[in-house]
Amino acid sequence: MLAESREGDKDMSNLDAFREAGNPMFNDNKLKLGTFASNCSGALSMTLAETVFEPTFEKNVEIAKMAEAAGFECMIPLGRWRGWGGPSNFNGTSMEVYTWAAALASVTEKICLFATSHVGTVHPLLAAKQAVTIDHVSKGRFGLNIVTGNFREEMEMFGPKMMDHDRRYDYAGEWIDVVQKFWTEQYFDHAGEFFTINDGFMMPKPYQNPRPVLISAGTSPRGREFATKYCDINFGPSESMEKLTNWTKEIKGFAWENYRREIGTFTACMVVCRDTEKEAKEYYDYYVHKKGDWEAAGNAIKTMMGESKSFSMEFLQKFQERFVAGVGYPLIGTPEQITEKLIELSATGVDGTLINMVDYNVELPHWNEKVMPLLEQAGLRKPVQRNAPQSV
Amino acid sequence: MTWTIFDKPDCTDCEKGNAWLKNHGIPVHKVNVFAVSKEQISLWAELSENGAVDLIDQEQKSNTVYQTKIHNQALSDHDIVAILAEHPELIRTPVITNHEQIIIGYQSDKMKSTFRFVKIRTL
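Everything numeric here is computed off the predicted structure, so don't read it as measured data.

Chemist: Requested: an account of the pattern of salt bridges, with residues and values cited.
Modeler: Residues and elements named next belong to chain A. Summed over the entire model, instances satisfying the criterion amount to 22 salt bridges over all chains. Arg19 serves as the salt-bridge partner of Glu262, at 2.6 Å between the closest nitrogen and oxygen. Pair noted here: Glu262 is in the loop between helix H8 (241–259) and strand E9 (264–273) and Arg19 is in helix H1 (residues 16–20), with a separation of 243 residues, a long-range link. According to the relative accessible area criterion, Glu262 is partly exposed, its value standing at 29%. A salt bridge links Lys290 to Asp285; the nearest nitrogen and oxygen atoms lie 2.9 Å apart. Three or more residues joined by partner-sharing salt bridges are found here, namely Arg167, Asp170, Glu193 and Arg222.

Right, here's the structure in full:
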């Protein structure tokens, strides 16, 4: 832990090294922003609605440059190896996460780039090495989003039967231990349950000292345990403001009580921002109810939640609509209405949110022009230099 | 054998079928169902599970031709093929076929089980 590397300085937080280094993920903005899943077809919205967005390098460069110019703190990809079926085969076309991050690192200067790494798909030595390389290419703007996987058909493309939930976290714990040893030690041996390392060596070490930012998204008891023990930021539920408030308070408290660690919290929002509320609602209705891929959503729900009969049809229907729409707290309306909701969101205690749009390349310029100044006026974000282009 | 999708404009199931094939990376040749020949319809009837009756679009029940020529009529496969050849708007679309197998309408489960071991490129 960072605190251990500064012996005697007992009041230091484990996040202070990032703050001192000027890492955007820990800057002074009260509500940090990021994009999510721009490396996958559909991003987060399961729809056949027309869009210019495609998960290509060119489109991602456009998005990265627009997000960076507006002061977004990060871009986070989705770890995805196959689609969810249905006519859209949602997320079926995707860019691999480490190479995506490396590619965007070479064309950006300020924004943080993450790789969402399924621990079961990459040896920790390779993960550590790829992370260090991107960290150097980006001059300290890389972060690792650690996921264990929950899409059986996807994980079993790699061969072995997917481990059960808790076992995946046992594996992830040892995995990140080994990654961090490669980042912080030299010529070490490791003999664990899942990995054996003989005379482990890595040069260079990460650009960031002592290591890149670590984040995770699990909110189950094991997921919370993992996040608070190892990670700097945890992603949590966006179902309601009340749940967000309770969750962010609980996880920050848990991290401190159990590990004397500080942890940041992020959530996710799906955005339909238009000049009038009517336009926003009409577009939502179009891409969700008229063009939505409810088949893909059904596949995803069935996979992630099992075929439990514990949930009512009403609950599943509501949750399925959220999947179709784009997961995340709905921000549907005018820039002013959306800003009001984000003020509420910030008041829950979360440090930031990812935003998802159906068509990033078309909608992000409008968000940057209309919503970002309102967030600055509301005190949620500091102004950025306006001489950078708002759109490409 | 090359797969072909026979579709028509303003057909929601055709939109889904085309999207499914594209987004699952299955190469397919696209043909408007109004260009189909009687011989092709006859072949489709042979390939389909229940014969030519599977090819009738039951959503067209309000169509005048359907009402006069199909509804409550005892029709042979030969009769149905002849009607559909003359009135292709009554064909249930999309029809996806490689002349050995056929999928009529948008059937996600059948498409999933049919399109396995698909060779996309030759090394």
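Chemist: Kindly report on the sheet that holds strand E3 (residues 95–97) of chain B, identifying the contributing residues and their values.
Modeler: All names here are of chain B. Taking strand neighbours across the sheet as the criterion, the four strands line up as E2-E1-E3-E4 in an open arrangement whose pairing is mixed. Edge strands, defined here as strands with exactly one partner in the open sheet, are strand E2 (29–32) and strand E4 (102–104). Sheet twist, expressed as the average angle between the axes of neighbouring strands with direction ignored, equals 15 degrees. Pairing of strand E1 (residues 4–7) with E2, which is carried by four bridges, proceeds in the parallel orientation. Directly across from Thr4, in E2, lies its bridge partner His29. Relative to E3, helix H2 (residues 38–47) is tilted by about 80 degrees, and along the sheet it contacts E1, E3 and E4.

Chemist: Outline the nonpolar core, supporting the account with residue identities and numerical values.
Modeler: Among the nonpolar cores identified, the biggest contains 94 residues, and A:Phe72, A:Tyr98, A:Trp175 and A:Trp367 are the most heavily contacted of them. Sorting elements by how many residues they give to this core places helix H6 (residues 165–184) of chain A first, with nine residues. Residues in contact with A:Trp367, not counting those within four places in the same chain, are A:Leu33, A:Phe72, A:Val271, A:Ile338, A:Leu342, A:Ile355, A:Met357, A:Met372 and A:Leu375. B:Val33, B:Leu55, B:Ile56 and B:Ile70 belong to the second-largest nonpolar core, a separate cluster that totals 22 residues.

Chemist: Just give me the short version of the state of the cysteines, but keep the residues and values in it.
Modeler: If you walk through the whole model with that rule in mind, you get one disulfide over all chains. Here B:Cys11 is linked by a disulfide to B:Cys14, with a sulfur-sulfur distance of 2.4 Å. Taking the torsion about the sulfur-sulfur bond, which here is approximately 75 degrees, the covalent link between B:Cys11 and B:Cys14 counts as right-handed. Of the two residues examined, B:Cys11 and B:Cys14, each falls in the buried class. A:Cys40 takes part in no disulfide bond, and the closest cysteine sulfur to it belongs to A:Cys74, at a distance of 16 Å. For the unlinked cysteine A:Cys269, the closest cysteine sulfur is that of A:Cys273, found at 12 Å.

Chemist: How would you explain the interface of chain B and chain A if you had to name every residue and give the values?
Modeler: With nine residues of chain B in contact, the opposing surface of chain A contributes nine residues. Taken together, both faces of the contact between chain B and chain A bury some 700 Å²; the carbon and sulfur share is 42%. Taken as a group, B:Glu15, B:Asn23 and B:His24 account for 53% of the area that chain B buries against chain A, more than any other trio of residues on that side. Inspection of the chain B/chain A interface yields two salt bridges. Inspection of the region where chain B meets chain A yields eight residue pairs in polar contact (both at pLDDT 80 or more). Elements with a minimum of two residues in the side of chain B that touches chain A: helix H1 (12–23) and helix H5 (108–114) of chain B. Counting residues per element, the side of chain B that touches chain A draws most heavily on H1(B), at five residues.

Chemist: Pulling in residues and values, what's your account of the side chain of A:Gln320?
Modeler: All names here are of chain A. Here Gln320 is to be found in helix H11 (residues 313–325). Within the local environment of Gln320, its side chain forms a polar contact with the backbone oxygen of Trp294, the two atoms lying 3.0 Å apart. In contact with Gln320, other than residues within four places in its own chain, are Trp294, Ala297, Gly298 and Ile301.

Chemist: An account of the environment of B:Pro88 is requested, with residue identities and associated values reported.
Modeler: Residue and element names in this part refer to chain B. Relative to the assigned elements, Pro88 resides in the loop between helix H4 (77–86) and E3. Residue Pro88 is classed as buried on the basis of its relative accessible area of 11%. Between the C-alpha atoms of Pro88 and Ser48, which are 40 residues apart in sequence, the distance is 17 Å.

Cut-offs used in this document
- Residues numbered from 1 in each chain as written.
- Chains lettered and ligands numbered in written order.
- Predicted model: local features only at pLDDT ≥ 70, side-chain atom pairs only at ≥ 80, totals over all residues.
- Heavy atoms only, no water.
- Salt bridge = Lys/Arg side-chain N within 4 Å of Asp/Glu carboxyl O.
- Helix = DSSP H or I, 4+ residues; strand = E, 2+ residues; numbered from the N terminus.
- Buried < 20%, exposed > 50% of the residue type's maximum accessible area, 1.4 Å probe, protein only.
- Pairing = 2+ DSSP bridges.
- Axes fitted to C-alpha atoms, helices over the stretch in contact; angles between N-to-C directions.
- Contact = heavy atoms within 4.5 Å.
- Core = buried A, V, L, I, M, F, W, Y, C linked by side-chain atoms within 4.5 Å.
- Disulfide = S-S within 2.5 Å.
- Buried area = accessible area lost by both parts, 1.4 Å probe.
- Polar contact = N/O pair within 3.5 Å; in protein donor to acceptor, adjacent residues only side chain to side chain.

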